[in-house]
Amino acid sequence: MQDAITNVINQSDVQGLYLDEGSMNSLEQYFASGELRVRAAATISANATAIIRDAIAKSLLYSDSTRPGGNMYTTRRYAACIRDMDYFLRYATYAMLAGNTSILDERVLNGLKETYNSLGVPIGNTVQAVQAMKEVTASIVGPDAGSEMAVYLDYICSGLGN
Ligand SMILES: CCC1=C(C)/C(=C/C2=NC(=C\c3[nH]c(/C=C4\NC(=O)[C@H](C)[C@H]4CC)c(C)c3CCC(=O)O)/C(CCC(=O)O)=C2C)NC1=O
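Analysis parameters
- Within any chain, residue numbers begin from 1 and follow the written order of that chain's sequence.
- The predicted nature of this model means local features are confined to residues of pLDDT at least 70 and side-chain atom pairs, given and counted, to a pLDDT of 80 or more, with totals for whole chains, interfaces and linings taken over all residues.
- Side-chain descriptors were evaluated using all non-hydrogen atoms of the structure, hydrogens and water having been removed beforehand.
- Under the DSSP-based scheme used, a helix requires at least four consecutive residues in state H or I and a strand at least two consecutive residues in state E, with every element numbered from the N terminus.
- Here's how the labels work: a residue is buried when its accessible area is under 20% of the maximum for its type, exposed when over 50%, partly exposed in between, all with a 1.4 Å probe on protein chains only.
- When checking whether two residues touch, look at their non-hydrogen atoms; a contact exists if any pair is within 4.5 Å.
- Expected span, for any helix, means 1.5 Å times one less than how many residues it has.
- To pair, rings of Phe, Tyr and Trp, with the six-membered ring standing in for Trp, must have centres within 6.5 Å; the planes then decide the type, stacked if under 30 degrees apart, edge-to-face if over 60, and tilted in the middle.
- What makes a nonpolar core is a set of buried Ala, Val, Leu, Ile, Met, Phe, Trp, Tyr and Cys residues whose side-chain atoms join them at distances within 4.5 Å.
- Angles here are taken between N-to-C directions and fall from 0 to 180 degrees, while the axes themselves are lines fitted to C-alpha atoms, restricted in helices to the stretch in contact.
- An angle below 35 degrees is read as roughly parallel, one above 145 as roughly antiparallel, one from 65 to 115 as roughly perpendicular, and any other as oblique.
- For any pair of crossing helices, the crossing counts as left-handed if the nearer helix is rotated counterclockwise from the farther one by less than a right angle, and right-handed if it is rotated clockwise.
- Three classes are used: nonpolar for Ala, Val, Leu, Ile, Met, Phe, Trp, Tyr, Cys and Pro, charged for Asp, Glu, Lys and Arg, and polar for all others, with Gly counted as polar.

A. Summary view of the environment of Leu160. Topologically, Leu160 is positioned in helix α8 (residues 143-161). A relative accessible area of 1% means that Leu160 is categorised as buried. When residues no more than four places from it in sequence are discounted, the contact partners of Leu160 are Leu109, Leu112, Lys113, Tyr116, Ile123 and Thr126.

Put into structure tokens, the structure is as follows:
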């Protein structure tokens, strides 16, 4: 896993250089937003259950997914879906704290699309639920932290799409 700091240091290290101005600027931005990130992570973890419930209510509840024949039908599959949403929210929060997407590649997206395709988990509906979670999260943490979280929730969606 990388973060905003190791990322900048690694880039300079491969060139054998001290940090250049661009690297300094991106570090400064990261440090300046540090408190925002930590506060957002605390708010998200205190409200995770409600965020996921509201995101599902806004997107998939009472849709084809939850009806007989849908991929969320039966409590076992419904629970698997809620659990996946919790993974997405928790790992997006880690990535937001780190200021880097690598943890999402390594722990969440690696092989996920293939798993979903082989189990018939609909990717379009998953993306819809994650997009709803993006809106609900922003309404709870506010617009600045919300747009920071959006970077990582969108990254999950595009990782499922490719
Ligand atoms: C930490 C990283 C990690 C991720 C991301 C993860 C995802 C993941 N979701 C799975 C299943 C599943 N995922 C869903 C999700 C959904 N179905 C829908 O219709 C909705 C659109 C969507 C919820 C938004 C469902 C229903 C299953 C069970 C499918 C089945 O067994 O038939 C499975 C198959 C094994 C299992 O059932 O546990 C994995 C590996 N596992 C991991 O360890």
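Read on, since the account is not over.
B. Spatial organisation of helix α7 (residues 123-141). The end-to-end C-alpha distance of α7 is 26 Å, a good match for the 27 Å that 19 residues give at a rise of 1.5 Å each. Among the residues of α7, Ile123, Thr126, Ala129, Val130, Ala132, Met133, Val136, Thr137 and Val141 are the ones counted as buried. Close packing links the buried residues of α7 with α3 (34-59), α4 (75-98), α6 (112-119) and α8. Positive phi shows up at Gly142, right after α7, with a value of about 95°.

C. Quick look at the packing of aromatic side chains. A complete count under the given rule lists two aromatic pairs for this structure. Centroid distance Tyr30 to Phe31: 5.9 Å. Interplanar angle 50°. Geometry classified as tilted. Tyr30 gets classed as buried once you look at its relative accessible area, which sits at 15%. Classification of Phe31 as exposed rests on a relative accessible area of 52%. Ring centres of Tyr91 and Tyr94 lie 5.3 Å apart, and the angle between their planes is 90°; on these two criteria the pair is classed as edge-to-face. On the criterion of helical spacing, the pair formed by Tyr91 and Tyr94 is a turn pair, its members being three residues apart in helix α4.

D. Region of interest: the nonpolar core. Counting 39 residues, the largest nonpolar core has Met85, Phe88, Leu89, Leu104, Met133 and Ile156 as its most contacted members. Of all the secondary structure elements, the ones that give two or more residues to this core are α3, α4, α5 (102-109), α6, α7 and α8. Those residues in contact with Phe88 that lie beyond four places of it in its chain are Val108, Leu112, Tyr116, Thr126, Val130, Met133, Leu153 and Ile156.

E. Structural view of the packing of α3 against α7. Orientation of α3 relative to α7, taken along the N-to-C sense of each, is 135°, at an axis distance of 8 Å. Relative to α7, the element α3 lies oblique. Crossing handedness for the pair α3 and α7: right-handed. Here Ala40, Thr43, Ile44, Asn47, Ile51, Ile52, Asp54, Ala55, Lys58 and Ser59 of α3 lie close against α7, whose contacting residues are Gln128, Ala129, Ala132, Met133, Glu135, Val136, Thr137, Ile140 and Val141. Class assignment for the residues of the contact of α3 with α7 results in eleven nonpolar, five polar and three charged.

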